[in-house]
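Examining the three-dimensional arrangement
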Amino acid sequence: MSDIRIIHRKEVDIQRWDALVSGPVSVFSKSWYLDAVCPDWHAMVLGDYEAIMAAPFRTKGGFRSFYQPFFSRELAVFGKGDPKAFLDLTREQFHLSGFGFTSEGPSDGFKTETYIHQWIELPAAVEEQHKAYSTNTKRMLKRAAKGALEVRPLTDPAPVWELFRNEKAGEFGHLKAADLGRLHQIMLNADEQGALRSFGGYVGDELVAGATFILNDQTLLYLKGAVSDDGKEVGGMFAVMDA
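Residues numbered from 1 in each chain as written. Predicted model: local features only at pLDDT ≥ 70, side-chain atom pairs only at ≥ 80, totals over all residues. Heavy atoms only, no water.

This part takes up the overall build of the protein chain. The helix and strand inventory of the protein chain stands at nine helices and 11 strands. For the protein chain, the spread of C-alpha atoms along the principal axes amounts to about 65 × 40 × 35 Å. Counting over 243 residues, the protein chain shows a buried share of 43%. Pairs at least 24 residues apart make up 66% of the contacts formed inside the protein chain by residues separated by at least 6 positions. Here the protein chain has roughly 13800 Å² of accessible surface; of this, 50% comes from carbon and sulfur atoms. Counting 27 positive and 33 negative side-chain charges, the protein chain places the centres of these two groups 4 Å from one another. (Helix = DSSP H or I, 4+ residues; strand = E, 2+ residues; numbered from the N terminus. Buried < 20%, exposed > 50% of the residue type's maximum accessible area, 1.4 Å probe, protein only. Contact = heavy atoms within 4.5 Å. Areas by Shrake-Rupley, 256 points an atom, 1.4 Å probe, with all protein chains shown as cover. Lys, Arg positive; Asp, Glu negative; His and termini not counted. Charge placed at Lys NZ, Arg CZ, Asp CG, Glu CD.)

Spelled out as structure tokens, the structure:
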């Protein structure tokens, strides 16, 4: 019998959980991030917190489905445990499983697909970063510099969230009001942890471009951002990302 048990979030020792969750991809398994994207999350815990893995699942009509929440890219095993044991448990305990997984381990019995996300090592010197920009990026930054655009750090993520809702909600038809609410909660929780970085591009008092990031283990995760039509004309998003 497996020594891994599945427990509800209320039973999780949050201090011990978050102490184990570390590394560049760890933000998606931090308790405060899970609280935002899946408030009723469960956890798989090996022994006395020797290893852990988040276990978000839904139950409908007695059918248990293990899934990857919106705005959460991947799950992973943290601590000293065999990833295969955790994968085997998902197969044993859930009728259907579909999730991103980064821990190394055999995937026997699972249908797998490879997804790619961008990972950029930023140089210490800003000048070196600028040299690597494409011709189009340099052109758009010059346009932003010549225009009336001003990039400001934001202490409140709400304006960026509202811009995303107004500009992107219609474009991404699969996003429901509840999903947008979860995105807002991620921003609020990250801000409470001191991990949120938000920037806005303004023309006068109008926000025309904005982006939010989460700083985690010296890795800056781009969360979400948006740009209006007016912002596109002045290279707003290019200037915000450059900030």
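Our focus in this paragraph is the environment of L89. One can find L89 in helix α3 (residues 83-93). With relative accessibility at 5%, the residue L89 sits in the buried group. Sequence-wise, L89 and W41 are 48 residues apart; in three dimensions their C-alpha atoms are separated by 16 Å. Every residue in contact with L89, bar those within four places of it in the chain, is listed here: I4, I6, M44 and F94.

Okay, the sheet that holds strand β8 (residues 149-154) next. On the basis of which strands lie adjacent, the open sheet formed by four strands has the order β8-β9-β10-β11 and antiparallel pairing. On the outer flanks of this sheet lie β8 and β11 (219-227), each paired with one strand and no other. Each strand of the sheet is rotated relative to its neighbour by a mean of 20°, with strand direction disregarded. Note: β8 against strand β9 (residues 196-203), six bridges, orientation antiparallel. Of the residues in β9, the one forming a bridge with V151 is G201. (Pairing = 2+ DSSP bridges. Axes fitted to C-alpha atoms, helices over the stretch in contact; angles between N-to-C directions.)

Here we come to the packing of aromatic side chains. A full pass over the atoms with the stated rule returns six aromatic pairs. Taking 5.2 Å as the distance between ring centres and 50° as the angle between the ring planes, the aromatic pair formed by W17 and W41 counts as tilted. Here the residue W17 occupies a position in helix α1 (residues 14-20), and W41 occupies one in the loop between α2 (31-37) and β2 (42-46), the gap between them amounting to 24 residues. You'll find W17 and W41 in the same group, each marked buried. Both rings, one in F213 and one in Y222, keep their centres 5.7 Å apart while their planes meet at 55°; by these two values the pair is tilted. Relative accessible area serves as the criterion here: at 9%, F213 is assigned to the buried category. Through a chain of ring-to-ring contacts, the aromatic side chains of F28, W32 and Y33 assemble into a single cluster. In this structure, R58 is placed above the aromatic ring of Y67, and the distance from its NZ or CZ to the ring centre is 3.7 Å. One Lys or Arg, R64, reaches over the ring of F57 and ends 4.9 Å from the middle of that ring. (Phe/Tyr/Trp six-rings, centres within 6.5 Å; stacked < 30°, edge-to-face > 60°. Lys NZ or Arg CZ within 6 Å of the ring centre and 35° of its normal.)

In this section: the pattern of salt bridges. A full pass over the atoms with the stated rule returns eight salt bridges. R9 is the salt-bridge partner of D35, the closest N and O atoms lying 2.8 Å from each other. One end of the pair, D35, is in helix α2; the other, R9, is in the loop between β1 (4-8) and α1, and 26 residues separate them in sequence. By relative accessible area, D35 is classed as partly exposed at 23%. (Salt bridge = Lys/Arg side-chain N within 4 Å of Asp/Glu carboxyl O.)

Moving on: the sheet that holds strand β3 (residues 51-55). Spatially, β1-β2-β3-β6 is the arrangement adopted by the four strands of the open sheet, whose pairing is antiparallel. Unpaired on one side and paired on the other, β1 and β6 (78-79) mark the two borders of the sheet. Against the sheet, α3 contacts β1, β2 and β3, and its axis sits at roughly 65° relative to β1.

Let's shift gears to helix α5 (residues 135-146). Here α5 contains 12 residues, and its C-alpha end-to-end distance of 17 Å stays within 8% of the 16 Å for a straight helix at 1.5 Å per residue. All of the buried residues in α5 are T137, M140, L141 and A144. Buried residues along α5 cover an arc of 100° about the axis, so they all sit on one side. Opposite its buried face, α5 presents the exposed residues T135, K142 and K146, each directed more than 90 degrees away. In the core, the buried residues of α5 are packed alongside β8, α8 (229-233) and α9 (236-242). (Expected span 1.5 Å × (residues − 1). Arc of directions from axis to C-beta.)

These figures capture arrangement, not role.
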